[in-house]
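Below, each chain spelled out in residue letters.
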Amino acid sequence: LTHAQIKVLSTDLLARPLFKVALEKYAAAFSHNTKTVLLQLLNEDCDLLTDVKIQSALSAVFELAFADFMCDLGFAPAVVGGVGLGDYIAACFAGVISPIDTLRVVSELTEQSKAFSRQHKIYLAEIKCELRSAKSLLRELDFGQEPIGIVALNTTDNTWLAGSREAIDRAC
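Below or above, wherever it landed, is the structure these notes cover. (Residues numbered from 1 in each chain as written. Predicted model: local features only at pLDDT ≥ 70, side-chain atom pairs only at ≥ 80, totals over all residues. Heavy atoms only, no water.)

## Some thoughts on the overall build of the chain
Which entries qualify depends on this criterion: Helix and strand definitions follow DSSP, with helices as H or I runs of at least four residues and strands as E runs of at least two, each counted in order from the N terminus. Contact between two residues is taken to exist if any of their heavy atoms lie within 4.5 Å; hydrogens are not considered. Areas reported here follow the Shrake-Rupley algorithm with a probe of radius 1.4 Å; residue values treat only the protein chains shown as occluding.
When its secondary structure is counted, the chain shows 8 helices and 3 strands. Secondary structure elements in the chain, listed N-terminal to C-terminal, are α-α-α-α-α-α-β-α-β-β-α. Of the contacts formed within the chain by residues at least 6 apart in sequence, a portion of 59% connects residues at least 24 apart. In the structure as shown, the chain presents an accessible area of about 10300 Å², 56% of it carried by carbon and sulfur atoms.

## A word on the packing of aromatic side chains
Our working rule: Classification of ring pairs rests on two measures: the distance between centres of Phe, Tyr or Trp rings, Trp counted by its six-membered ring, which must be within 6.5 Å, and the angle between planes, read as stacked under 30 degrees, edge-to-face over 60 and tilted in between. Only protein chains enter the accessibility calculation, which uses a 1.4 Å probe; a residue is then buried when its area is under 20% of its type maximum, exposed when over 50%, and partly exposed in between.
A complete count under the given rule lists 3 aromatic pairs for this structure. On the basis of an interplanar angle of 65° and a centroid distance of 5.3 Å, the ring pair of F19 and F62 is categorised as edge-to-face. On the criterion of sequence distance, the pair formed by F19 in helix α2 (residues 17-30) and F62 in helix α4 (residues 52-72) is long-range, its members being 43 residues apart. Look at F19 and F69: their rings are 5.8 Å apart centre to centre, the planes differ by 85°, and that puts the pair in the edge-to-face class. On the criterion of sequence distance, the pair formed by F19 in helix α2 and F69 in helix α4 is long-range, its members being 50 residues apart. Residue F69 is classed as buried on the basis of its relative accessible area, which comes to 4%. Taken together through their ring pairs, the aromatic side chains of F19, F62, F66 and F69 make up a single cluster.

## Some thoughts on the pattern of salt bridges
Our working definition: We define a salt bridge as a contact between a side-chain nitrogen of Lys or Arg and a carboxyl oxygen of Asp or Glu at a distance within 4 Å.
All told, the structure shown has 5 salt bridges when counted by the stated rule. For K25, the salt bridge identified is with D68, shortest N-O distance 2.7 Å. Here K25 is found in helix α2, whereas its partner D68 is found in helix α4, with 43 residues between them in sequence. The exposure class of K25 is partly exposed, given its relative accessible area of 45%. A relative accessible area of 16% places D68 in the buried class. Among the ionic pairs, E126 bridges to K128, the shortest N-O distance being 3.1 Å. The exposed category is assigned to K128, whose relative accessible area is 63%.

## A word on the nonpolar core
Our working rule: The nonpolar core is taken to be a set of buried Ala, Val, Leu, Ile, Met, Phe, Trp, Tyr and Cys residues, with the residues joined through side-chain atoms within 4.5 Å.
With 18 residues, the main nonpolar core has F19, L23, V61, F62, L64 and A65 as its most contacted residues. Among the secondary structure elements, those contributing two or more residues to this core are α1 (3-13), α2, α4, α5 (86-93) and α6 (99-120). Ranked by the residues each element gives to this core, the list is headed by α4, at 7 residues. Beyond its immediate stretch of four places on either side in the chain, L64 contacts Y26, I89, C92, T102 and L103. One finds A125, C129, L138 and I168 within the second-largest nonpolar core, a separate group that totals 10 residues.

## Some remarks on α5
Structurally, the α-helix is built with 3.6 residues per turn, so residues lying three or four positions apart point the same way. Along α5, the residues classified as buried are G86, I89, A90, A91 and C92. Phi turns positive one or two residues past the end of α5, at G95, with a value near 90°.

Set out below in structure tokens:
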């Protein structure tokens with residue numbers, strides 16, 4: 001989930017005591033010092049949102065809290081799954097790994113990804129369009145040998161690209 005998606009969803013959810021308790025539980029599991037930061041991010045725009053590690057932690061905490069909240073309402077999934085870091089959220093929800101270990105893994109993988117991106121000069125960009133339009137854009141701009149590609153699809157109209165700085169600048 002993006003910060004914008006979390007803010008929209010949390011507007012109503014934070015008024016519900018069951019959700020707020022679950023959110024505080026997972027934020028505390030991430031770390032005592034980060035708890036305040038993560039919960040403050042839901043209510044305000046903050047420079048920390050440029051930190052991918054904080055973004056990932058906020059998303060993981062929110063998703064785990066939402067899963068707990070749905071169970072508290074009586075919904076019981078037959079199957080859970082995820083993509084990317086969502087695999088770890090699903091494993092935690094299924095009871096395979098603890099919330100603390102889940103948040104550690106999410107944090108570590110995010111840090112490794114950032115290091116890889118810096119070393120190889122890979123940049124990310126979110127574009128507000130559906131997958132088909134993103135593919136057409138990449139074909140139309142004819143990047144040739146420039147490294148750029150679609151790396152994630154968060155919603156039907158939220159696509160992420162990764163590539164060189166020049167390629168990302170051209171695409172956006």
